[in-house]
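The primary structure of each chain is shown beneath.
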Amino acid sequence: MSTRPSSPLPWRARRVPADPFDGAEPDRLMVFVPAIMSVGVVFSVATLIRDAMQRAGRRSRERRIAVESAATFSILLGGPLPRREPAGLQKRFKHIAIAGIAGVAVVLGALTGIAVLASEFLDDLDDTLSAPIVDASWVEQLSTIDLFGSTVISIGFAAVIGLSASRCRVMALVFPSAFVFSWVTNFLLQELVERPRPVAMGDLKSFPSGHIVQAIFIAGLVPAAVDVLFGVRRRTVIISRFALGAFALMTALVRVHRQDHWPTDVLAGVLLGLTTVLIAHWLLERQHWHHSCNACPWSFHPGHADWSKGVLAFRPSQTRLVGVAGATAAIGASASLLIATTFVGLPNDPEGTGVGSAIAEPMQIALAVTMGIAGLAAVRWRAKAAFTMALCATALGLLASVEYTPLTAFVLTAMLLVPAVLTWLAWQPTATLGSIAVLAVITISSLTATALGSRQIYDHYFGPTHPESVAEPLDSEATWLWLGAVHDSTATVVGGGLDSSSTARLTYWSADVEPRSVQASVQAGLARFEILDLQADTEYSYSVTEGPAEANEPTAEATFHTRTDGPQNVRVVVGSCARTGSNGAVFDAMVEEEPDLYIAIGDMHYASLSSSDPADHLDEYERALTQPGQSALFRSVPTAYVWDDHDFGPDNADSTSPSRAAVSSAFRQAVPHELVDDDPSASIAQAFTVGRVRFVLTDTRSQRTPDTMLGDRQLEWLIDELISSAQTHALVVWGNPTPWISPEGADADDWSAHADERTVIADALSAADVDNLVMVSGDAHMVAIDDGSNSGYGTDGSPGFPVLHAAALDRPGSTKGGPYSHGSFPGGGQYGIIDILDDGGPTVRVSLAGLNWEGETLVTYEFTVDAADVLADPAA
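Residues numbered from 1 in each chain as written. Predicted model: local features only at pLDDT ≥ 70, side-chain atom pairs only at ≥ 80, totals over all residues. Heavy atoms only, no water.

(A) Local environment of the overall build of the chain. Scanning the chain for helices and strands turns up 22 helices and 20 strands. A buried classification covers 56% of the 876 residues belonging to the chain. Considering only contacts within the chain whose residues lie at least 6 apart along the sequence, 74% involve residues at least 24 apart. About 35,600 Å² of surface is accessible on the chain, with carbon and sulfur atoms providing 59% of the total. (Helix = DSSP H or I, 4+ residues; strand = E, 2+ residues; numbered from the N terminus. Buried < 20%, exposed > 50% of the residue type's maximum accessible area, 1.4 Å probe, protein only. Contact = heavy atoms within 4.5 Å. Areas by Shrake-Rupley, 256 points an atom, 1.4 Å probe, with all protein chains shown as cover.)

What follows is the structure, given as structure tokens:
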């Protein structure tokens, strides 16, 4: 997989495409979807007109002659073309065509292998090839004559190809089949080669270029379609093919010039397009398949008959057998879906913002039942049954894409379409050409729409919300490093991806301190280093190696700064809710804030594991921490982390989660925490001090039951900690992953479901006159601030405390709870900042802010707390 930065060509800004649709879709082959559907409608109308005129022509020989004469000049009426010699494929050319298909496919396979296994080589090659094309101003002039740069023209070309099916039975099958082949292959290659565009364009992938696949597809099949429609000379076909090929080359140059694709991506698109076109022509040239075509160039031979009904010929016994197979498959699929819905469950909406299980479950059951009814109806009404099956398959595929990858949803839809295809095959021998074409177009469009729609749906829930990080990957013998528990003289670093049979060494140094080392044994690929002899207010560099110390000078892999002893200004960044494997630019923005602490307040990833194996949870930590953006943050900024549901277990997980023991073990192995209880059944609550500020983090998942959010032990600890810390510290920051502000009785996945426990905490704070508390929360995919107007839940009606919500790092936006005095701002690529200004005086100024990855401040709130009664140094 390529780790190329999103803007590898800094010498030139991306040009704005002339076509407003250009670069806006994930794949330019998308224009064929409405094109195919439009062609199907036009084609069916044309066929009906033709059939009606032919029936009327039987009543009068003179009228029939007139109709055929008029039809000579009308592609819609489908009249006969001038007779000419058959254009069948010669034996020698057959071998040449097969060799060409194999050769092009092998080159495409080799290029794909290089893209997967040697991406850095391909990146360097593309940089070299791109530079002169990007800088060539004359290439921009080609865009004025770029036939394939216009969506409208592309649809027009697709319509011409589709209309040719009115004359050629084989074209009617080859055209949609070639389209599906090219699209599916393009889709699979883009899933295999996760290569970003030269200039960041969301999550659009670049290899191969779907736009170029489309251009080559058109250039290869439009001349054949014109030949079918008008019977032009072979020389004209060849000339038009070369001309359209030249225009496709212009399009390729323009795409590279505008940095929409890399040169090798364009080459892969050309190879895939050529493979598709060569296969299509090889199929078209099978002259014996054209026996019943309506006067296409390959159909002129003795005994030729007009095309009447059916596309594929079956004996009655075969038709019955295929029909029974289709009905049986539909009923079997229906039963399987009902069983899966009951015992396995539904595709899970990770945000809770979609249709929800209350709607999705009856929807899936209804679709499954409808599929079964269609199977029963297929005995008599095959066309309607096939159409219904196709719609059910499409809807079920889109529903599956809420949780599963686009490829999984696509495969599921394809499997569910099998009953529809079998039913269609049993129906078509007695159906008219127009009816066959319409149903075929609907079925193909359903499959294509599912593939496109599933990607959009899946990307909404799991895709990146903003551009990727430009941070460099970690260059170390450890695959990841996690820094935490940093104080004035101590720090903890955990390294991962190490040789389990080795001893690892961490070397650290500063400008005034010679390199020193600390050793740790490696267990499960992890090594925990406890550094105990640091100097206060000092910047250190460090590196991790395996085995004994090396004689040469160590190379810095990361840096960190120790705390000052006593009152100090503290900048804290807060974030939660990042998609699994996120590498968003939001992490760069957080590093650029130069924070003293990062509070990771839950949902570090969205794996939502139910696994009881700690290794699976460690793998998810590794997946996050090896992303360059997250790696740069976690290895250089001290982190205090507690989980929420998606990094603890399944959605809305609590103490009954099957993952509880495993993730508890993984946390205690991998996280550089602040004195978390060693008992894996205990919570991961923790507290620590920086200057005159006390940070208290609670675990709202592992102890939760229907009766309690925190569990009795943690609840008692929290109340004691908040009250005592408020009396000895200038400020207390409570890290609470679960939304606090929510109307009582809402019974959501927040504190409203445990309103009584919330009141107990609020009453305790009120009784102790705690007025120097601020809360930070995650979970809700928004930044939001409340000044305390809405966070007070005590029975005496006293006001609450300021609350900062900080999310979502890289998830789609959503709003939970409220109201919030300063508003809520849903979105991805967002984080929070707490600036604490403490010079040791009688007041401490606190500033809360919510920002996005572009540095835009979305919401702010400032307040002061009275610290006159607090010792200058709480530790004293």
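Back to the text.
(B) Region of interest: the environment of G827. Tracing the backbone shows G827 in the loop between strand 17 (824-826) and strand 18 (830-837). When its relative accessible area of 12% is taken as the criterion, G827 is described as buried. Excluding anything up to four places from it in sequence, G827 contacts H781, M782, A807, A808, R811 and G813.

(C) Representation of the sheet that holds strand 18 within the structure. If you trace the six strands from one edge of the open sheet to the other, you get 10-9-8-18-19-20, paired in mixed fashion. Every interior strand has two partners, whereas the edge strands, strand 10 (639-642) and strand 20 (857-866), have only one. Each strand axis lies, on average, 15° off the axis of its neighbour in the sheet, ignoring direction. Strand direction decides the pairing type here: strand 8 (residues 570-575) and strand 9 (residues 597-601), joined by four bridges, are parallel. Each residue of the ladder has a partner; that of G575, found in strand 9, is A600. (Pairing = 2+ DSSP bridges. Axes fitted to C-alpha atoms, helices over the stretch in contact; angles between N-to-C directions.)

(D) How the structure looks around the nonpolar core. With 68 residues, the main nonpolar core has I599, Y621, F695 and I834 as its most contacted residues. The residues touching I834, leaving out its near neighbours within four places in the chain, are V570, R571, V572, V574, V733, V776, L804, V846, S847 and L848. In terms of nonpolar packing, the next biggest core, distinct from the first, is built from 29 residues, M709, I719, W734 and M782 among them. (Core = buried A, V, L, I, M, F, W, Y, C linked by side-chain atoms within 4.5 Å.)

(E) Molecular detail of the pattern of salt bridges. Within this structure, the stated rule accounts for 14 salt bridges. A salt bridge links D749 to R701, with the shortest nitrogen-to-oxygen separation between them at 2.9 Å. Taken as a pair, D749 in the loop between strand 13 (731-735) and helix 22 (755-767) and R701 in the loop between strand 12 (693-697) and helix 21 (712-728) lie far apart in primary sequence, 48 residues in all. Of the residues examined, D749 reaches a relative accessible area of 16% and is grouped as buried. Taking the relative accessible area as the measure of exposure, R701 reaches 0% and is therefore buried. Taken together, the shared-partner salt bridges in this structure form one network comprising D644, D645, R701, R704 and D749. (Salt bridge = Lys/Arg side-chain N within 4 Å of Asp/Glu carboxyl O.)

(F) Layout of helix 18 (residues 614-625). In this model, helix 18 (twelve residues) spans 17 Å end to end at C-alpha, consistent with the 16 Å of a helix rising 1.5 Å per residue. Among the residues of helix 18, H617, L618, E620, Y621, A624 and L625 are the ones counted as buried. For helix 18, the angular spread of the buried residues around the axis is 155°, confining them to a single face. For helix 18, the N-terminal cap is D613; the gap from its side-chain oxygen to the backbone nitrogen of A615 is 3.0 Å. (Expected span 1.5 Å × (residues − 1). Arc of directions from axis to C-beta. Polar contact = N/O pair within 3.5 Å; in protein donor to acceptor, adjacent residues only side chain to side chain.)

(G) Structural detail: a negative patch on the surface. Where like charges cluster on the molecular surface, the negative patch consists of D769, D771, D866 and D869. Position of D769 among the secondary structure elements: in the loop between helix 22 and strand 14 (773-777). (Patch = residues over 30% accessible without salt bridge, like charges linked within 9 Å, V, L, I, M, F, W, Y side chains within 5 Å. Lys, Arg positive; Asp, Glu negative; His and termini not counted. Charge placed at Lys NZ, Arg CZ, Asp CG, Glu CD.)

(H) Geometry of the side chain of E620. Summarising the element assignment, E620 is placed in helix 18. Among the residues examined, E620 registers a relative accessible area of 9% and is labelled buried. Apart from the residues within four sequence positions on either side, E620 is in contact with T580, H605, A607 and L609.

(I) Looking closely at unusual backbone geometry. Going from A807 to A808, the amide bond is cis rather than trans, its omega being -5°. Note on placement: A808 falls in the loop between strand 16 (803-806) and strand 17. Its identity is not glycine, yet A485 carries a phi of approximately 50°, on the positive side. As for its placement among the helices and strands, A485 is situated in the loop between strand 1 (480-484) and strand 2 (491-496).

(J) Highlighting the side chain of H805. Locating H805 in the fold gives a position in strand 16. Classification of H805 as buried rests on a relative accessible area of 1%. Ignoring sequence-local partners within four residues, the contact set of H805 consists of P739, S777, G778, A780, M782, V783, A784 and Y820.

(K) How the structure looks around the environment of L278. Along the chain, L278 turns up in helix 10 (residues 263-284). With 177 residues separating them along the chain, L278 and I101 place their C-alpha atoms 6.1 Å apart. Once residues lying within four places of it in the same chain are set aside, the contact partners of L278 are G100, I101 and V104.

(L) Expanded view of the packing of aromatic side chains. This structure, assessed with the given rule, holds 18 aromatic pairs. Geometrically, the ring pair formed by Y621 and Y641 is edge-to-face, given 6.3 Å between the ring centres and 90° between the ring planes. Pair noted here: Y621 is in helix 18 and Y641 is in strand 10, with a separation of 20 residues, a long-range link. Owing to a relative accessible area of 1%, Y621 belongs among the buried residues under this scheme. A network of ring pairs unites the aromatic residues W482, Y598, Y621, F634, Y641, W643, F648 and F667 as a single cluster. Over the ring of Y793 we find R758, and its NZ or CZ is 3.6 Å from the ring centre. Sitting over the face of the ring of Y606, R811 holds its NZ or CZ atom 3.9 Å from the ring centroid. (Phe/Tyr/Trp six-rings, centres within 6.5 Å; stacked < 30°, edge-to-face > 60°. Lys NZ or Arg CZ within 6 Å of the ring centre and 35° of its normal.)

(M) Region of the structure containing the sheet that holds strand 12. In spatial order, the strands read 11-12-13-14-16-15-17; together these seven strands make up an open sheet with mixed pairing. Bordering the open sheet on either side are strand 11 (686-690) and strand 17, each of which pairs with just one other strand. With strand direction ignored, the average angle separating the axes of adjacent strands in the sheet is 15°. Alignment of strand 15 (residues 782-786) against strand 17, held across three bridges, turns out to be antiparallel.

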